[in-house]
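Chain residues, written in single-letter form:
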Amino acid sequence: MNRYQRCVWGLVLLAVPALHALERTDTEFRIFQFPADRIPRIDGKVDDWQIVGSDYVYGTDQLADTVQGNGTNHDPTDLDVKVRVGWVKGLNRLYFLYEAFDDYWNMHIRRGDIFEVCVDGDLSGGPFIINSQMDQSEAHFRFKGVHAQNYHIFTPPGPGRDWVFVWGCQPWIGVLPYANHAYSHALKEGEGGRLVLEFWITPFDYAPYDGPARAVPSQLVEDTRIGLSWAVLDYDENSSKYEGFWNLSHNTRMDSDASMLCAFRLMPPEPRFLPALHADWSFKILDMDRRLVAFKDCSHGTVDAWLWDFDDGTTSSEQHPIHQYEKPGQHVVTLTIKGPAGERRRIKVFDVVVR
Ligand SMILES: [Ca+2]
Ligand SMILES: [Ca+2]
Ligand SMILES: [Ca+2]
């Protein structure tokens with residue numbers, strides 16, 4: 001086990017006791033980390049998802065019908081779905097690939113087939129649609145969807161319709177630069193067949209009615225958990241009655257209470273996408289008056305030795321040194337690491353400036 005893996009395992013073990021206030025507490029679902037040079041193109045084509053392993057695919061077998069009483073009696077000739085979720089480190093987006101077979105695609109404007117996604121990016125938990133202490137109008141504009149979000153995605157939308165109804169007061173989250181989508185299908189109303197929907201959304205800690213200016217996107221952090229669930233609302237010939245209401249959390253109120261969502265972990269990159277040894281670092285000015293700077297090693301791979309050159313005639317062999325500059329200046333700082341896989345270097349040009 002290398003240093004990187006030890007670090008990941010340490011975080012996993014620390015996180016286990018916090019499994020509360022979510023549904024299906026025996027299960028932690030996983031969100032695949034796309035490498036920065038393999039970000040999916042939102043075009044409805046699935047080729048860019050081939051790198052996502054089968055252990056990231058969540059199928060119909062994970063769903064339970066909590067409304068019509070079908071329980072876990074799945075009939076793949078009636079409905080069969082596969083969902084994959086991904087993310088990219090540094091982007092606060094959740095990517096989805098939804099692949100579905102339905103024996104009857106119902107495009108009714110209100111009671112048609114829907115893929116419903118609910119997300120709570122900061123695990124704030126609790127109700128997010130109805131607040132019984134507010135009147136209806138106040139709750140709509142100040143509460144609904146503000147700290148967790150609900151997307152009713154039409155599968156597929158009828159001609160001329162939006163792709164999503166945001167059940168909340170913030171319809172602006174359903175379009176660029178906060179969401180993007182593409183369908184691939186050749187379905188007509190009432191037909192059976194296969195649909196592909198590729199999309200991404202942005203979860204928000206705070207998503208107010210009046211637009212993005214005051215909004216706070218959820219910061220997606222590697223190896224932490226978010227609250228997430230989905231439901232497939234299958235209407236067939238009869239638009240007044242669900243054929244099935246299949247949801248991942250096995251609790252219908254995942255649609256309105258973030259404590260009923262499931263735990264999803266923002267996974268680290270798969271080792272196959274990482275070089276054996278890679279040098280990187282970051283820094284933070286601790287105290288500008290004293291020109292005191294904290295340097296943090298962010299390398300991965302097995303490292304036996306670190307050498308920092310602070311560009312003021314001094315060096316350090318600590319992993320995460322704190323350094324005090326004597327004089328103002330702009331510095332070209334270099335970290336050199338050594339390990340069984342060789343030697344790597346990361347030079348940042350004039351990033352470290354003290355006055
Ligand atoms: Ca694609
Ligand atoms: Ca069906
Ligand atoms: Ca249907």
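## Comments concerning the overall build of the chain
Secondary structure assignment for the chain yields two helices and 22 strands. For the chain, the C-alpha atoms occupy an extent of roughly 80 × 45 × 40 Å along the three principal directions. Across the 355 residues of the chain, 35% fall into the buried class.

## Considering the domain arrangement of the chain
Partitioning the chain into domains gives domain 1 (22–267) and domain 2 (275–354). Computed from C-alpha coordinates alone, the two centres of domain 1 and domain 2 are separated by 42 Å.

## Digging into the sheet that holds strand E21 (residues 329–339)
Strand order in this open sheet of four strands is E19-E18-E21-E22, and the pairing throughout is antiparallel. Every interior strand has two partners, whereas the edge strands, strand E19 (315–316) and strand E22 (342–354), have only one. Both strand E18 (residues 305–309) and E19 contribute to a ladder of two bridges, which runs antiparallel. Bridge pairing in E19 places aspartate 309 opposite threonine 315.

## Here's the deal with the confidence of the model for the chain
Within the chain, residue pLDDT values average 94, and 94% of them lie at 70 or more. Here residues 1–19 is modelled with pLDDT under 50, and outside its nearest four sequence neighbours on either side it reaches 13 contacts, counting other chains as well.

## As for the environment of phenylalanine 310
As for its placement among the helices and strands, phenylalanine 310 is situated in the loop between E18 and E19. With 19 C-beta atoms counted inside 10 Å, the residue phenylalanine 310 sits in the partly exposed group. Along the sequence, phenylalanine 310 and histidine 331 sit 21 residues apart, while their C-alpha atoms lie 7.1 Å from each other. Ignoring any residue separated from it by four or fewer positions in sequence, one finds phenylalanine 310 in contact with Thr315, His323, His331 and Val333.

## Quick notes on the sheet that holds strand E20 (residues 322–324)
Strand order in the open sheet formed by three strands is E16-E17-E20, and the pairing between neighbours is antiparallel. A single partner strand is all that each edge strand has here, and the edge strands are strand E16 (281–287) and E20. For this sheet, the mean inter-axis angle between neighbouring strands, taken without regard to orientation, is 25°. One ladder, built from three bridges, connects strand E17 (residues 292–297) with E20; its direction is antiparallel. Pairing of alanine 294 across the sheet is with isoleucine 322, part of E20.

## Focus: the pairing of E16
In this structure, E16 lies alongside E17, joined through six bridges in antiparallel fashion. Paired with serine 282 across the two strands is lysine 296, which belongs to E17. Taken together, E16 and the strand that follows it, E17, pair antiparallel across an intervening segment of four residues, in which arginine 291 is found at a positive phi of about 55°.

## Quick notes on the pairing of strand E5 (residues 94–102)
Burial of E5 is extensive: seven of the nine residues sit out of reach of the surface. Direction of pairing for strand E4 (residues 79–87) relative to E5: antiparallel, over a ladder of eight bridges. In the sheet register, leucine 79 faces E5, and the bridge partner there is aspartate 102. Count of turn residues in the E4/E5 antiparallel hairpin: six residues, of which glycine 90 carries a positive phi of about 100°.

## Let's talk about unusual backbone geometry
In the segment running from threonine 155 into proline 156, the intervening peptide bond is cis, with an omega of -15°. By the secondary structure assignment, proline 156 is in the loop between strand E7 (149–154) and strand E8 (164–166). Between leucine 176 and the following residue, proline 177, the backbone shows a cis peptide bond with an omega angle of 5°. As for its placement among the helices and strands, proline 177 is situated in the loop between E8 and strand E9 (179–184). For phenylalanine 350, which is not a glycine, the phi torsion comes out positive at approximately 60°. With respect to the element layout, phenylalanine 350 can be found in strand E22. When the 11 C-beta atoms within 10 Å are taken as the criterion, phenylalanine 350 is described as exposed.

## Concerning the environment of tryptophan 306
Among the structural elements, tryptophan 306 can be located in strand E18. C-alpha of tryptophan 306 to C-alpha of glycine 112: the two residues are 194 residues apart in sequence and 60 Å apart in space. Excluding residues within four positions of it along the chain, tryptophan 306 makes contact with Asp297, Ser317, Glu318, Gln319, Leu335 and Ile337.

## Considering the environment of aspartate 47
By the element assignment, aspartate 47 lies in the loop between strand E1 (28–33) and strand E2 (58–59). Residues aspartate 47 and lysine 89, 42 residues apart in the sequence, show an inter-C-alpha distance of 21 Å.

Conventions adopted
Residues numbered from 1 in each chain as written. Chains lettered and ligands numbered in written order. Predicted model: local features only at pLDDT ≥ 70, side-chain atom pairs only at ≥ 80, totals over all residues. Helix = DSSP H or I, 4+ residues; strand = E, 2+ residues; numbered from the N terminus. Buried ≥ 20, exposed ≤ 12 C-beta atoms within 10 Å, placed from the backbone. Domains from an automatic or database assignment. Pairing = 2+ DSSP bridges. pLDDT = per-residue confidence, 0-100. Contact = placed C-beta atoms within 7 Å. Axes fitted to C-alpha atoms, helices over the stretch in contact; angles between N-to-C directions.

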